[in-house]
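# Coordinate analysis (summary)
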Amino acid sequence: MFKPVSSKLEVPSMEEEVLKFWKQNDIFTKTVELRKGGPEYVFYEGPPTANGKPGVHHVLARAFKDMFPRYKIMRGYHVSRRGGWDTHGLPVEIEVEKRHGFSNKRDIEAYGIAKFNEECRKSAFDYINDWEKLTDRIAFWVDLETAYVTFTNDYIESIWNILKNFYDKDLIYKGYKVVPYCTRCGTPLSDHEVALGYHEVTDPSIFIRLPLVDKPDTALLVWTTTPWTLPGNVAVAVHPEVDYITIERKTEDGGKEKLILAKGLLEKVFADEELTVLNTFKGKKLKGEKYHPLFTFIPPDKPAHYVVLADFVTTEDGTGLVHLAPAFGADDMSMSKKHDLPVLMTVQPDGAFVPEVTPWRGMWVKDADPLITKDLEARGLLFRVETYTHTYPFCWRCETPLLYYARDAWYIRTSQFKDRLVELNRTINWVPDNIKEGRFGNWLENNIHWALSRERYWGTPLPIWECTVCDHKEMVGSVNELSEKAGKDLSELDLHRPYVDEITWDCKECDEGLLKRIPDLIDVWFDSGSMPYAQWHYPFENQEKFKKQYPADYICEAVDQTRGWFYSLHAVSTLLNDSISFKNVICLGLILDSKGRKMSKRLGNVVDPWEVLDVHGADAFRWYLYTASPPGQDRRFSPELVGEVVRDFTLTLWNVYSFFVTYANLDKPKLTTVIAWSENQLDRWLLSELNVLVRDVTNAYENYDVLNATRPIATFVEKLSTWYLRRSRRRFWKSESDSDKGTAYQTLYTALITLAKLLAPTMPFLAEELYRNLVHAVDQFAPESVSLAEWPKYEESFIDEDLNRDMAVVTKLVSLGHSARQKANRKVRQPLAEAAFSVGSAVEGKAIAEFAQLIEDELNVKKVRLLDAREEAVAHEIKPLPMQLGQKYGNKFPGIRKAILGLNPEDVVHSLLAGESFKVSAEETDYDIQPDEVEVIVHAKEGFAVAEDGAYVAALVTELTPELVAEGRAREFVRRVQDLRKSADLAVSDRIELYVDASPKMKSALDVHKDYIIGETLSSVLKFMVPPANATKAEDEFDGEKLSFGFVVILI
RNA sequence: GGGCUUGUAGCUCAGAUGGUUAGAGCACUGUGCUGAUAACGCAGGGGUCACAGGUUCGAAUCCUGUCAAGCCCA
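Residues numbered from 1 in each chain as written. Chains lettered and ligands numbered in written order. Predicted model: local features only at pLDDT ≥ 70, side-chain atom pairs only at ≥ 80, totals over all residues. Heavy atoms only, no water.

Helices and strands together make up the secondary structure of chain A, namely 35 helices and 38 strands. A compact globule built from 1052 residues would reach a C-alpha radius of gyration of about 31 Å, whereas chain A, at 40 Å, exceeds it by more than 25%. Projecting the C-alpha coordinates of chain A onto the three principal axes gives extents of approximately 125 × 85 × 50 Å. Counting every position in chain A, which comprises 1052 residues, the buried fraction comes to 55%. Taking as baseline every contact in chain A between residues at least 6 positions apart, the subset at least 24 positions apart corresponds to 76%. Of the accessible surface of chain A, which amounts to about 46600 Å², a share of 49% is contributed by carbon and sulfur atoms. For chain A, the separation between the mean place of its 129 positive charges and that of its 160 negative charges on side chains is 2 Å. (Helix = DSSP H or I, 4+ residues; strand = E, 2+ residues; numbered from the N terminus. Rg over C-alpha atoms; globule rule 2.2 N^0.38 Å. Buried < 20%, exposed > 50% of the residue type's maximum accessible area, 1.4 Å probe, protein only. Contact = heavy atoms within 4.5 Å. Areas by Shrake-Rupley, 256 points an atom, 1.4 Å probe, with all protein chains shown as cover. Lys, Arg positive; Asp, Glu negative; His and termini not counted. Charge placed at Lys NZ, Arg CZ, Asp CG, Glu CD.)

As structure tokens, this is what we get:
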């Protein structure tokens, strides 16, 4: 006996029940324990930050993260899935800053770093409850109780160990990094802070001459909107492929001068001034050309003041020649690294010129702009002054214009490993695969050193101690090492600031200084990228565990992580172990709103996942995300689309399930969980399709092909419901033989329990519900949860491709038959004498005989057969197939096509039907056309109602005999009685006495089919008389005949 | 500015290696069928396949450019 199943499904409450079951029976833990000793399948959780509410995009990632581990446990793998939390970094700090209304770093320091960080530690988990609730509700099975947390001492110590390893290999160095910097607040701003403060401003726009050393009469014409950076100039950049020109013009004092600029900017700069273009050349010809420096306040310590080539130079504004001051521009700095140019620090951190810049020392740089311009003018180097309006970033807190400013920063020499990063990446399976060589591959190809340090408070401290006197440095790789150096036990020390900053020791190099920690933290991406090691406190503990859990078989995040977690994981493991850290990765697209815009708090278009979960449940939500579009693609989302899944898929399957349980509980058939052979063609077809499904879905899982692991299941369920079950219904409620009924039950049962397993990774709730009810009633020794069961194996012997093809032909013909009926205006209830068909090939024709009974039932015809070319009044059409003929004859095809269409089809159809070729001549050449190069289409004529599609034709004999009319009436009458039963709320099994009062013509028709009527309507008797007073009655009319009928329920 | 991705029906998506008539589901209209179904069947309306060139006998598909959107980088 199965638990009764209503056809009405309350999705959310069903899911809650399943959740309860999982929790009470600790199923998740059991799925891990059950597979102990099995092969290991390793999943890494990319740690989210729990200081904000989880959104739809988190459901997306978690749904995809969940499905492969669930699949793998059913394949016998041991899959421990450890959760993780990313807890450090600016987003956390900003939340705390907001709470206190802090506006800069001084506020934080005044408040106290210890207190501030303590609040960050808490804030990192502000929304932990929301996260846990959501994770639980969407059935993302991940172990959150033992989740790794990046702020723990153990985690930090592991990172220190990695950093020390890098440091010992000389992979960490100190350099400059140009950052957007507020001179008033004394702090660099993060990208998103910069984005907050763009304003339109008007700046000076000056053109200056840089006379060449080797051609004193010629000068480079350079443009800038930041004159204050000119004392820091060390080079000029030009684009190698852009055309440049030398022009000659008259000067104001009557002389002549030659200037070099980009050809495309000539008009913009000189308008219609009269001048001569002397020559044109590519930018690369200027490479290495030396010019006289504008200023010499700080003597460069390396070769400088020459032309370099750079791709970033544009010809939209200015002159196409860009002045480089490495201390004040990110591009400038990267060029200085590339060409080993000096970095001239002409400005102090407070935004004033350094003393060496004598004329303007101590002056706020922007204030010096006009003075610098004047100075250049006085020396004849100024070509022109204008103003320029553009957007420029300001400090969002204090409205000070930001300077791009070089700060000390620590780097990891990742680009030394560029080739290795690229090679190892080639061994990773990326889904979609374009990411491998595209987005991620390109990023690796253009690798620059990893800027590791951050001038912040809440994060992993960079464990470098520097001497206050000499330049001795020490990198600390563990707490023990720190204790030894400091000469005291620090095992209880909180490794965060400010506590770690207090640890100092004497310098042994100079015997004078004190080793103090540099104040920097590290990039939080290094935290998460170290996760394969740090989650185990490796190498201090768990060496075995680490080995077993490295590298990951599978990770999954959204595409915005290419430069984030995907990169940090890959970089750390390449530098540390010369190995990959993940073998397969699904890179998800982003979630957009229903209008295709990114969901953001600002636009107010964020969908709360609970709106969806509370209404449609988690299964449908997950299923939608899996099936809507390829994983890598951005997807538009709206809750309504999830509702469609419930209607289309969930409820369809549910009703098959409900149907099965309802009838099985009445009939109590013998069932087995093992797939069983059936003589019935429909059963055999279903089992064949089912095994094809298992095969294809399994292959898809093995290939991380999510669409093909899911969509075909929906297609199958559709076939199961609207074809198999529709055609099998009668077998369940009244079957000729018990054995046929038995195999029908068994076949449907097999399909349902197999579907439950195939759906377990993706729709875990519905799968569990089906499995729990269906399997346990039959096999009490079966595992208690679908996730503890084995993944279904497909049985090759049940797959019959011919049968599948035949059934496809049958459904096609039946569809055409219905169409023909409609055209002929013949209701399905009216039986017709005959349906004749035409198909594309002789093989397909077999299907008609094979499934004659089924087609007859479905179309309500007495006989089915093939259209016979010799006997029927049929016309033929020969259609050239471009695929075959076009490929064979190329540009001869149009001529051949025309020739074939010009033939009288009846002349060639006989040879074609006999499988022989025919000749056609086009453009004075004869061609032998093979039967498979044309399509023969049959059109039935006269006396038929016809529908056709390509080679497929259904032709119905529409002529009605009195017998057929009588049968149609009986059937119509049954239908009316059934409606009345239904509207009178009778149970399906209620028996009745049936009365009908009708005209003699109608009466005789009903009388002929009396047995049929009685059987269909569950009547004990059919009496031709006026229904008694206590009967449920109806007056009706059809075929122009009035009748009144009614019934009395028989009480047992 | 660079890299990558996307653009097909009102909506969500299919459309290997080019093949002449571009499909499905939802929604809409008509009709049929039904004692499992929130359904189902049949039919209809709805498309200059973002745009413009090119290659080809033939282009939604290949090439070039343009436009629009998204992400990452600058």
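So, next bit.
Neighbouring RNA strand B are 56 residues; Arg439, Arg563, Pro882, Phe893 and Arg975 lie closest to it. When the atoms of RNA strand B within 4 Å of the protein are sorted by group, sugar and phosphate make up 60%. Between RNA strand B and serine 815 there is a distance of 2.7 Å, counted from a phosphate oxygen to a side-chain nitrogen or oxygen. Contacts to RNA strand B include glutamine 887, whose backbone N or O atom sits 3.3 Å from a base oxygen. When residues of the surface near RNA strand B are traced back to their parent elements, those giving at least two are α15 (439–445), β26 (635–636), α22 (639–667), α24 (706–733), α27 (801–824), α30 (882–889), α31 (893–902) and α33 (962–983). Ranked by the residues each element gives to the surface near RNA strand B, the list is headed by α22, at eight residues. Residues belonging to the surface near RNA strand B are distributed by class as follows: 19 nonpolar, 17 polar and 20 charged. (Near = heavy atom within 4 Å. Polar contact = N/O pair within 3.5 Å; in protein donor to acceptor, adjacent residues only side chain to side chain. Nonpolar A, V, L, I, M, F, W, Y, C, P; charged D, E, K, R; others polar.)

Let us now look at the packing of aromatic side chains. The final tally for this structure, using the stated rule, is 61 aromatic pairs. A ring pair is formed by tryptophan 22 and phenylalanine 765, whose centres lie 5.0 Å apart and whose planes are at 35°; its orientation type is tilted. You can see tryptophan 22 sitting in helix α1 (residues 11–25) and its partner phenylalanine 765 sitting in helix α26 (residues 764–778), a full 743 residues away along the chain. For tryptophan 22, a relative accessible area of 6% puts it in the buried group. Exposure remark for phenylalanine 765: the relative accessible area of 0% places this residue in the buried category. With a centroid separation of 6.0 Å and 40° between ring planes, the pair formed by phenylalanine 43 and tyrosine 554 is classed as tilted. Here phenylalanine 43 is found in the loop between α2 (27–34) and α3 (56–74), whereas its partner tyrosine 554 is found in strand β23 (residues 552–558), with 511 residues between them in sequence. Its relative accessible area of 2% is what places phenylalanine 43 among the buried residues. (Phe/Tyr/Trp six-rings, centres within 6.5 Å; stacked < 30°, edge-to-face > 60°.)

Here the focus is the pairing of strand β18 (residues 464–467). Bridging between β18 and strand β19 (residues 473–475) involves three bridges; their strand directions are antiparallel. Among the inter-strand pairings, isoleucine 464 is bridged to a residue of β19, identified as methionine 475. Here β18 hands over to β19 after five residues, the two strands then running antiparallel side by side. (Pairing = 2+ DSSP bridges.)

This brings us to the packing of helix α8 (residues 153–168) against helix α20 (residues 565–577). Relative orientation of the contacting elements α8 and α20 amounts to 55°, with a least axis distance of 10 Å. Classed by the angle they form, the pair α8 and α20 counts as oblique. The two elements α8 and α20 cross, and the hand of that crossing is left-handed. In contact with Ile162, Asn165 and Phe166 of α8, α20 contributes Val572, Leu575 and Leu576. Across the contact of α8 with α20, the residue classes break down as five nonpolar, one polar and no charged. (Axes fitted to C-alpha atoms, helices over the stretch in contact; angles between N-to-C directions. Parallel < 35°, antiparallel > 145°, perpendicular 65-115°, else oblique. Left-handed = near helix turned anticlockwise from the far one by under 90°.)

Ranked by size, the top nonpolar core spans 155 residues in total, and within it Phe64, Ile586, Phe660, Ile713, Leu748 and Leu774 carry the most contacts. Here this core takes 13 residues from α22, the largest share from any one element. Excluding its chain neighbours within four sequence positions, the residues that come into contact with leucine 748 are Val656, Phe659, Phe660, Leu720, Tyr724, Leu725 and Phe732. Grouped together as the second largest cluster of nonpolar side chains are 69 residues, Leu212, Ala237, Val308 and Leu321 included. (Core = buried A, V, L, I, M, F, W, Y, C linked by side-chain atoms within 4.5 Å.)

All right, on to the environment of glutamate 97 then. Residue placement: glutamate 97 occurs in helix α4 (residues 90–100). Exposure remark for glutamate 97: the relative accessible area of 4% places this residue in the buried category. Separated by 23 residues in sequence, glutamate 97 and cysteine 120 have C-alpha atoms that sit 9.4 Å apart.

Pairing is parallel in the open sheet, where three strands are placed in the order β15-β24-β23. Of all the strands in the sheet, just β15 (429–431) and β23 have a single pairing partner and so form its edges. Here the average twist between neighbouring strands, direction ignored, is 15°. Pairing geometry for β23 and strand β24 (residues 582–588), over six bridges, is parallel. Bridging across to β24, alanine 558 finds its partner in leucine 588.

As a further point, take the pairing of strand β33 (residues 944–949). Sheet analysis places β33 next to strand β34 (residues 952–957), joined by six bridges and oriented antiparallel. Bridging across to β34, valine 946 finds its partner in alanine 955. Between β33 and β34, which pair antiparallel in sequence order, lie two residues; one of them, glycine 950, sits at a positive phi of approximately 65°.

Spanning 29 residues, α22 covers 41 Å between terminal C-alpha atoms, matching the ideal 42 Å at 1.5 Å per step. At threonine 650, α22 is bent by approximately 35°, the largest bend along its length. (Expected span 1.5 Å × (residues − 1). Bend = angle between axes of the 7 residues up to and from the residue.)

For the rest of this paragraph, the subject is a negative patch on the surface. The grouping of Asp26, Glu33, Glu132 and Glu145 at the surface amounts to a negative patch. Residue classification places glutamate 33 among the partly exposed residues on the basis of a relative accessible area of 45%. (Patch = residues over 30% accessible without salt bridge, like charges linked within 9 Å, V, L, I, M, F, W, Y side chains within 5 Å. Salt bridge = Lys/Arg side-chain N within 4 Å of Asp/Glu carboxyl O.)

Our next topic: the sheet that holds strand β20 (residues 505–506). Strand order in the open sheet made by the four strands is β19-β18-β21-β20, with antiparallel pairing throughout. Single-partner strands in this sheet number two, and they are β19 and β20.

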